[in-house]
Amino acid sequence: MPVYNNKAAAHGRKASNVHKVPGAKLPKAPIKKKDEEEAVDVPDGLDEWSHLKATVKPSNQLELSEAELKEEITRILTANNPHAPQNIVRYSFKERSYKPTSVVDHLAVHFVLEGSLLHKDSDEARRLRIRDGLPKEDAPMENEAESDENHIETPATPVEDGGEGEEAGEEDRPDSVASKPDKKEAKCTNQFNFSERASQTHNNPSRDRSCQTEPPPRITFSVAANQWEIYDAYMEELQKQEKNKEKKKTTLLKKNNKTSKKKMTLMETQSDNIAKVGKVSKIIERMINQNTMDDIAQDFKYYEDPSDEYRDQEGTLLPLWTFQYGIARNLSVTALCWNNKYQDLFAVGLGSYNFSKQEGGMFLLYSLKNSAFPECIYYTTLGVQCLDIHPQHSYLVAVGFYDGCVAVYNLKEKEPHPVYKSTAKTGKHTDPVWQVRWQNDDMDNHHIFYSVSSDGRVVSWTLVKNELISTDVIRLSVNGAVTDGPNSAQLSSISHGTSFDFHKQIDNLFLVGTEEGKIHKCSKTYSSQFLETYDAHSMPVDAVKWNHFHPKIFISCSSDWTVKIWDHTISTPMFTFDLNAAVGDVSWSPYSSTVFAAVTTDRKVHVFDLSINKHEAICQQTVVARKKTRLTHIEFNPISPIIIVGDDQGNVTSLKISPNLRKKPKSKKGHELPKGSEAEVAKMDKLLSLLREPELSTI
Amino acid sequence: MADVEEILKRIQSHRGVEGAIIATSEGIIMRSTLEEQITVQYVALIQPLLMKTKKTLQDMDSEDELTHLRLRTEKNELIIAADKDYFMVGIHKPSP
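Residues numbered from 1 in each chain as written. Chains lettered and ligands numbered in written order. Predicted model: local features only at pLDDT ≥ 70, side-chain atom pairs only at ≥ 80, totals over all residues. Heavy atoms only, no water.

### Thoughts on the overall build of chain B
Then, in step 1: Across its full length, chain B holds two helices and five strands.
Then, in step 2: When its helices and strands are written in sequence order, chain B yields α-β-β-α-β-β-β.
Then, in step 3: For chain B, restricting intrachain contacts to residue pairs at least 6 apart in sequence, the fraction spanning at least 24 positions comes to 39%.
Then, in step 4: When the accessible surface of chain B is totalled, it reaches about 5,800 Å², and 51% of it is carbon and sulfur. (Helix = DSSP H or I, 4+ residues; strand = E, 2+ residues; numbered from the N terminus. Contact = heavy atoms within 4.5 Å. Areas by Shrake-Rupley, 256 points an atom, 1.4 Å probe, with all protein chains shown as cover.)

Listed below in structure tokens is the structure:
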């Protein structure tokens, strides 16, 4: 075998050599030789080989040593396809890598010829025979390949309802068969006997099922981040850090405290903490009130009675809010006082003027912003007779009671009790206190107030720490000041003081009105005697008031139906007005030195302006509807053109003063408008001088 | 605390007031005189409005503060007063 192989190899090689080098050294003859060689290949191989043993070596022949030449090279014939790829690699998803396939198909197809022979008994043949209408059994019809295709197709088409499909197919076929005989030579449209099979499946009707749930509650959380937010956040962080530092320092000591604090905070959180809403709810209440009484609020601010232009000199009072507190219906308003600091706030003292009926009292603080309900309510066991709000410290309220006690309330504190209260020991009055007034602080910066009472004493009270210290300023008596003699039986009757007022500019000077109808001018420093006495009225002097501007003028009113204006240097009144009813109260206006108002028991308010009309009121108006009410007090608001009037039903009515009543002195052309108080003083002076001139002239 | 309850009662009984709601500034309802659904709606809508208003004012003038907000509509008036932690809404139908 090896020999044969070698021979074959050699021969192959030679042949190849010859093939490779056609235009070689060998002449044409060798070509013929080659042919000859090929023709007589096998038998002459040996000879040929020996013949040509040592001849040609082509240039590119591999140089091998003899040993190598003799080396036996095994050549194996296998059935493997040499062209088949041996290193097919497939990607394995399982192992996620390329893996070589071991099995490779070695089938090499050299030649394919598809035949067109049909077995005569096969379906195809039968069909073709029928188509051609030939009785031949062997009908060499066309492409068997087509039958292949058909067979491939039929299993491919999904046939669920076989019957349907079959029918369709058969329908096709009869059609094609029927057409075929007719158009034997015509074009076969279905030459492949193609029949489509389809089937309609029964589709289940689809139904949507859905379920809607309630969406989870959502809160949109949004924060506008501006620089303030960032700053606040940083500050909070800082504070927290500082707190942490503090905590570290004092953890041990504060253990007990912490537990108690925790309890406290628990308690707070349990209760609804609605108390914090207090401020907000007040605002709301005010706003609602403002809404309901919008007209009144508008009037208060803006309404000026237009009819004043036509009414030559008279004015009107426009009623605004009415302040009522249900429980206070039985009580009469005994005192009114505006707050200096908050000009919409005023205090109302409620008590009773009836000697027999003393039912307790109260004092209320109202704000104009909320007329439906008082801001503060203080109940007292005794009827309040008078009150005064401190001009500078507007949270201090001095109250005088029916039994002679005086008390001071601090409005800042929430307790309903007075801060200070006088008792019998500390020298309270023995009779109702008719008036209290705050004065300037004394040398030690203690607050002082004065009170006057029917027991004939004017007492000054000093607030020292927790106590009220009383000092008798003066004792009123019928004949003059009483001096305490050691033995003298003091039969001199005591005059009962009913009202007093302190001079605005001169601190020491004050006036006291008495039940006898006399007015005494006194001084704080000079306690044993009056400076002067005026025989003012025939009945108790209900009110005595200094003029706000003019230093010499004061006014007094009494139940004897008269109102009198005095110059304190002159012992007779400058003006006297008869009002036809007992006058409850009189008050100067804060904006003009010649305007004052008085209230009478016949429900009227009388407003006078001396610069306009010296003899009559420029306004007389019934203020309250119910016939039995009597007006008890009147006060002007320091800033707004409003007056409040109290009556004996516990109501306070607020009224707006029309422009005619608030006239200011007209300036002459070319002159500047003089400043307020000076102008007022000048006005008054002019009046007085007018008064006096006729007197002088008569004399 | 009793004062606040009293005030709330008075507000509620005031002529023309349809309801009053108190809620915290985060929107937790504390008191209401209306029924729950309406209350929830009001609070959910007003609370962001209040926040926005406060921020607006703060941006415009840093020292200024919102005291109250009035929303006058055709049918009624919403009065909203806000505190740092709480706010209160009053629904008022003022007489024409």
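Next comes the rest of the write-up.
### Here we look at the overall build of chain A
Then, in step 1: The number of helices and strands found in chain A is 12 helices and 30 strands.
Then, in step 2: Per-residue burial over chain A gives 38% buried out of 699 residues.
Then, in step 3: Of the contacts formed within chain A by residues at least 6 apart in sequence, a portion of 49% connects residues at least 24 apart.
Then, in step 4: Split by element, the accessible area of chain A, about 44,300 Å² in all, is 53% carbon and sulfur. (Buried < 20%, exposed > 50% of the residue type's maximum accessible area, 1.4 Å probe, protein only.)

### Here's the deal with the interface of chain B and chain A
Then, in step 1: Listed per partner, the contact involves 36 residues of chain B and 25 residues of chain A.
Then, in step 2: Of the roughly 2,900 Å² buried at the junction of chain B and chain A (both faces included), carbon and sulfur atoms supply 67%.
Then, in step 3: In this structure, Lys 55 of chain B engages Glu 229 of chain A in a salt bridge whose closest nitrogen and oxygen atoms are separated by 2.6 Å.
Then, in step 4: At the surface where chain B touches chain A, the tally comes to two residue pairs in polar contact (both at pLDDT 80 or more). (Buried area = accessible area lost by both parts, 1.4 Å probe. Salt bridge = Lys/Arg side-chain N within 4 Å of Asp/Glu carboxyl O. Polar contact = N/O pair within 3.5 Å; in protein donor to acceptor, adjacent residues only side chain to side chain.)

### Considerations on a nonpolar patch on the surface
Then, in step 1: Taken together, the side chains of Val 89, Tyr 91, Phe 93 and Tyr 98 of chain A define a hydrophobic patch exposed on the protein surface, amounting to about 490 Å² of accessible area.
Then, in step 2: Residue position: Tyr 91 of chain A is located in strand S1 (residues 89-92). (Patch = residues over 30% accessible without salt bridge, like charges linked within 9 Å, V, L, I, M, F, W, Y side chains within 5 Å.)

### A short note on the sheet that holds strand S5 (residues 345-351) of chain A
All names here are of chain A.
Then, in step 1: With antiparallel pairing, four strands are arranged side by side in an open sheet as S4-S5-S6-S7. If you trace the sheet from one side to the other, it starts and ends with strand S4 (332-338) and strand S7 (376-380), each paired once. The mean inter-strand angle of the sheet, taken between neighbouring strand axes irrespective of direction, is 15°.
Then, in step 2: Pairing of strand S6 (residues 361-367) with S7 involves five bridges; the strand directions are antiparallel. (Pairing = 2+ DSSP bridges. Axes fitted to C-alpha atoms, helices over the stretch in contact; angles between N-to-C directions.)

### Examining the packing of aromatic side chains
Residues and elements named next belong to chain A.
Then, in step 1: This structure, assessed with the given rule, holds 25 aromatic pairs over all chains.
Then, in step 2: Note on Phe 577 and Phe 596: the rings are 5.7 Å apart at their centroids and 55° apart in plane angle, and the pair reads as tilted. On the criterion of sequence distance, the pair formed by Phe 577 in strand S23 (residues 573-578) and Phe 596 in strand S25 (residues 595-600) is long-range, its members being 19 residues apart. You'll find Phe 577 and Phe 596 in the same group, each marked buried.
Then, in step 3: An aromatic cluster is built from Phe 575, Phe 577, Trp 588, Phe 596 and Phe 608, whose rings are joined through pairwise contacts. (Phe/Tyr/Trp six-rings, centres within 6.5 Å; stacked < 30°, edge-to-face > 60°.)

### Focus: the pattern of salt bridges
All names here are of chain A.
Then, in step 1: The final tally for this structure, using the stated rule, is 14 salt bridges over all chains.
Then, in step 2: One salt bridge in this structure joins Arg 127 and Glu 124, with 2.8 Å as the shortest N-O distance. Residue Arg 127 and its partner Glu 124 are both found in helix H5 (residues 123-132); the two are separated by three residues, about one turn of the helix.
Then, in step 3: On the accessibility criterion, Glu 124 (12% relative accessible area) is buried.
Then, in step 4: As a salt-bridge pair, Arg 437 and Asp 501 come within 3.6 Å of each other at their nearest N and O atoms. Here Arg 437, found in strand S12 (residues 433-439), pairs with Asp 501, found in strand S16 (residues 497-502); they are 64 residues apart in sequence, far enough to count as distant.
Then, in step 5: A relative accessible area of 17% means that Arg 437 is categorised as buried.
Then, in step 6: Since its relative accessible area comes to 2%, Asp 501 is described here as buried.
Then, in step 7: The network of salt bridges with common partners includes Asp 388, Arg 437 and Asp 501.

### Points about the environment of Ser 558 of chain A
Residue and element names in this part refer to chain A.
Then, in step 1: With respect to the secondary-structure elements, Ser 558 resides in strand S21 (residues 553-558).
Then, in step 2: For the pair Ser 558 and Val 586, spaced 28 residues apart in sequence, the C-alpha to C-alpha distance is 9.2 Å.
Then, in step 3: In this structure the side chain of Ser 558 is engaged in a polar contact, spanning 3.0 Å, whose partner is the backbone oxygen of Pro 540.

### Structural notes on the confidence of the model for chain A
Then, in step 1: Confidence in the prediction of chain A, expressed as mean pLDDT, is 74, and 73% of residues score 70 or more.
Then, in step 2: With pLDDT under 50 throughout, residues 1-44 of chain A is counted as low confidence; its partners more than four residues away or in other chains account for 19 contacts. (pLDDT = per-residue confidence, 0-100.)

### Concerning unusual backbone geometry
Glycine aside, residues mostly have negative phi angles, and peptide bonds mostly take the trans form.
Then, in step 1: Although it is not a glycine, Asn 193 of chain A sits at a positive phi angle of roughly 55°.
Then, in step 2: If you trace the backbone, Asn 193 of chain A turns up in the loop between helix H7 (162-182) and helix H8 (227-249).

### What about the sheet that holds strand S29 (residues 642-647) of chain A?
All names here are of chain A.
Then, in step 1: If you walk across this open sheet you meet the four strands as S3-S30-S29-S28, and the pairing is antiparallel. Edge positions in the open sheet fall to strand S3 (317-323) and strand S28 (631-636), since each of these has one partner strand only. For this sheet the average axis-to-axis angle between neighbouring strands, irrespective of direction, equals 25°.
Then, in step 2: Both S3 and strand S30 (residues 652-657) contribute to a ladder of five bridges, which runs antiparallel. When the sheet's bridge partners are listed, Leu 318 is paired in S30 with Lys 656.
Then, in step 3: Along the sheet, helix H11 (residues 294-302) contacts S3, S29 and S30; its crossing angle with S3, the most-contacted strand, is approximately 135°.

### Quick notes on helix H10 (residues 278-292) of chain A
In an α-helix, one turn spans 3.6 residues; hence positions three or four apart end up facing the same way.
Then, in step 1: The terminal C-alpha atoms of H10 of chain A, which comprises 15 residues, lie 21 Å apart, in line with the 21 Å expected from a rise of 1.5 Å per residue.
Then, in step 2: By the burial criterion, the buried members of H10 of chain A are Gly 278, Val 280, Ser 281, Ile 284, Glu 285, Met 287, Ile 288, Asn 289, Asn 291 and Thr 292 of chain A. (Expected span 1.5 Å × (residues − 1).)

### What about a negative patch on the surface?
All names here are of chain B.
Then, in step 1: A surface patch of negative charge is lined by Asp 61, Glu 63, Asp 64 and Glu 65.
Then, in step 2: For Glu 65, the location among the structural elements is in the loop between helix H2 (36-60) and strand S3 (68-72).
Then, in step 3: In this structure Glu 65 comes out as exposed when scored by relative accessible area, which is 66%. (Lys, Arg positive; Asp, Glu negative; His and termini not counted. Charge placed at Lys NZ, Arg CZ, Asp CG, Glu CD.)

### Description of H2 of chain B
Then, in step 1: Given a rise of 1.5 Å per residue, 25 residues ought to cover 36 Å, and the 36 Å separating the end C-alpha atoms of H2 of chain B matches this to within 8%.
Then, in step 2: Among the residues of H2 of chain B, those classed as buried are Thr 39, Val 43, Ile 46, Gln 47, Leu 50, Thr 53 and Lys 55 of chain B.
Then, in step 3: Those residues of H2 of chain B hidden inside the fold are in contact with H8 of chain A together with strand S1 (17-24), strand S2 (29-32), S3, strand S4 (77-82) and strand S5 (86-92) of chain B.

### Describing the pairing of S2 of chain B
Taken residue by residue, a regular strand's side chains alternate between the two faces of the sheet.
All names here are of chain B.
Then, in step 1: In this structure, S1 lies alongside S2, joined through three bridges in antiparallel fashion. Residue pairing across strands places Ile 22 opposite Arg 31, the latter belonging to S2.
Then, in step 2: Hairpin connection of S1 to S2: four residues between the antiparallel strands, including Gly 27 at a positive phi of 110°.

### Describing the environment of Gly 404 of chain A
All names here are of chain A.
Then, in step 1: Tracing the backbone shows Gly 404 in the loop between strand S9 (396-401) and strand S10 (406-410).
Then, in step 2: Spatially, the C-alpha atom of Gly 404 lies 4.9 Å from that of Asp 431, the residues being 27 residues apart in sequence.
Then, in step 3: When sequence neighbours within four positions are dropped, the list of residues in contact with Gly 404 reads Lys 428, His 429, Asp 431, Pro 432 and Val 433.

### A few points about the confidence of the model for chain B
Then, in step 1: For chain B, the mean per-residue pLDDT works out to 85, and 96% of the residues sit at or above 70.
Then, in step 2: Model confidence for chain B, summarised as mean pLDDT per element, is weakest for helix H1 (residues 2-13) of chain B at 80 and strongest for H2 of chain B at 89.

### Points about the side chain of Gln 439 of chain A
Residue and element names in this part refer to chain A.
Then, in step 1: Looking at the element boundaries, Gln 439 is found in strand S12.
Then, in step 2: With relative accessibility at 9%, the residue Gln 439 sits in the buried group.
Then, in step 3: Among the polar contacts made by the side chain of Gln 439, one reaches the side chain of Lys 524 at a distance of 3.3 Å.
Then, in step 4: With residues up to four places along the chain from it excluded, the contact list for Gln 439 reads His 390, Ile 448, Phe 449, Tyr 450, Phe 502, Asp 507 and Lys 524.

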